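Notes for the structure review
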Amino acid sequence: MTIEELVQKAKEVADKAYAPYSNFHVGSALLTRKGNVFTGCNVENASYGGAICAERNAITTAVAQEGKEMIIHKIVIVTSNDAPAPPCGICRQFIAEFADYGSNETEIIFLGKEGRQIKKVSEVLPFKFEF
Ligand code: THU
C-alpha cells in the first residue's frame, strides 16, 4: 500500500465527514504494521464537545478490528484546507499510544491542496504523556 493509495482512501472517507457545524471535512487512512488499512472521518455533534476527529475514528476502528497490539505504520490526514493541516493535540497523543518511536518510526502525512508534509511521530509529539 503506497502513500498515494492511502491519500486516495483518506480523500474518499473525507467526503463522508459529518461536519455541519465547522464545515471542515477531514479524512484519515492508516496502514498498520500488519498491512491492513483503516479509515475514519470526523463526526460532529450538536453538543460541540462530542465531536470526534477523523484520526481517532480511524484508530479506534483499527483497534476494534486488529486488536490492542495494533501498531500504526503510517497515517495520512486530508482536509479541505489549502495548507496541510497537522493533527490536533488530542489526536497526536492518540496516535502516540499506537505508534512506534523506535528505529522504524511511525510516519504522519498531512496534506492540503498546496502540498504535503511527512513527519516522524517523534517530530509531531516529542514529549508524549506517559505514566
Ligand atoms: N478535526 C479532525 O478531524 N482532526 C484533527 O486533527 C483536528 C480537527 C475535526 C474536528 C472537527 O470536526 C473539525 O475538524 C473542526 O475542528
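For the structure given in this document, a descriptive report is provided here. (Residues numbered from 1 in each chain as written. Predicted model: local features only at pLDDT ≥ 70, side-chain atom pairs only at ≥ 80, totals over all residues. Heavy atoms only, no water.)

A look at the side chain of N57
Tracing the sequence through the fold places N57 in helix α2 (residues 54–66). If near-sequence neighbours (up to four positions away) are discounted, N57 is found in contact with T39, G40, C41, V43 and I52. (Helix = DSSP H or I, 4+ residues; strand = E, 2+ residues; numbered from the N terminus. Contact = heavy atoms within 4.5 Å.)

Focus on the site of the ligand
Taken together, S22, F24, V26, N42, E44, C53, A54, E55, P87 and C88 form the complete shell of residues around the ligand. Contacts to the ligand include A54, whose backbone N or O atom sits 2.9 Å from an oxygen atom. Separating an oxygen atom of the ligand from a side-chain N or O atom of E55 is a distance of 2.6 Å. Protein contact buries 78% of the 370 Å² of open area that the ligand shows by itself. Partitioning the shell around the ligand into residue classes produces 6 nonpolar, 2 polar and 2 charged. (Near = heavy atom within 4 Å. Polar contact = N/O pair within 3.5 Å; in protein donor to acceptor, adjacent residues only side chain to side chain. Areas by Shrake-Rupley, 256 points an atom, 1.4 Å probe, with all protein chains shown as cover. Nonpolar A, V, L, I, M, F, W, Y, C, P; charged D, E, K, R; others polar.)

Concerning the packing of aromatic side chains
Within the structure shown, the criterion is met by 3 aromatic pairs. Considering the side-chain rings of Y21 and Y48, the 5.4 Å spacing of their centres and the 45 degrees angle between planes classify their relative orientation as tilted. With Y21 in the loop between α1 (3–14) and β1 (26–32) and Y48 in the loop between β2 (37–41) and α2, the pair connects residues that are 27 residues apart, well separated along the chain. Given the relative accessible area of 40%, Y21 is considered partly exposed. A cation over an aromatic ring shows up here: K128 above the ring of Y101, its NZ or CZ 4.6 Å from the ring centre. (Phe/Tyr/Trp six-rings, centres within 6.5 Å; stacked < 30°, edge-to-face > 60°. Buried < 20%, exposed > 50% of the residue type's maximum accessible area, 1.4 Å probe, protein only. Lys NZ or Arg CZ within 6 Å of the ring centre and 35° of its normal.)

Thoughts on α2
In this model, α2 (13 residues) spans 18 Å end to end at C-alpha, consistent with the 18 Å of a helix rising 1.5 Å per residue. Taken together, the buried positions of α2 are occupied by A54, E55, R56, N57, A58, I59, A62 and E66. Summarising the contacts, the buried residues of α2 are in contact with β1, β2, β3 (72–79) and α3 (89–97). Looking at the residues trailing α2, positive phi occurs at G67, about 105 degrees. (Expected span 1.5 Å × (residues − 1).)

A few points about the pairing of β3
In terms of burial, β3 is largely enclosed, as 7 of its 8 residues are buried. Looking at chain direction, β3 and strand β4 (residues 107–112) are connected through 5 bridges and run parallel. Bridged to K74 within β4 is E107. Tracing the backbone out of β3, into α3 and back to the parallel element β4 gives a crossover that is right-handed. (Pairing = 2+ DSSP bridges. Right-handed = clockwise from strand over helix to strand, strands pointing away.)

Considering the state of the cysteines
A full pass over the atoms with the stated rule returns 0 disulfides. Here C41 is not disulfide-linked; the sulfur of C53 is the nearest cysteine sulfur, at 11 Å. Residue classification places C41 among the buried residues on the basis of a relative accessible area of 12%. Just so you know, C88 is unpaired, no disulfide at all, and the nearest cysteine sulfur is the one on C91, 3.7 Å from it. Exposure remark for C88: the relative accessible area of 29% places this residue in the partly exposed category. (Disulfide = S-S within 2.5 Å.)

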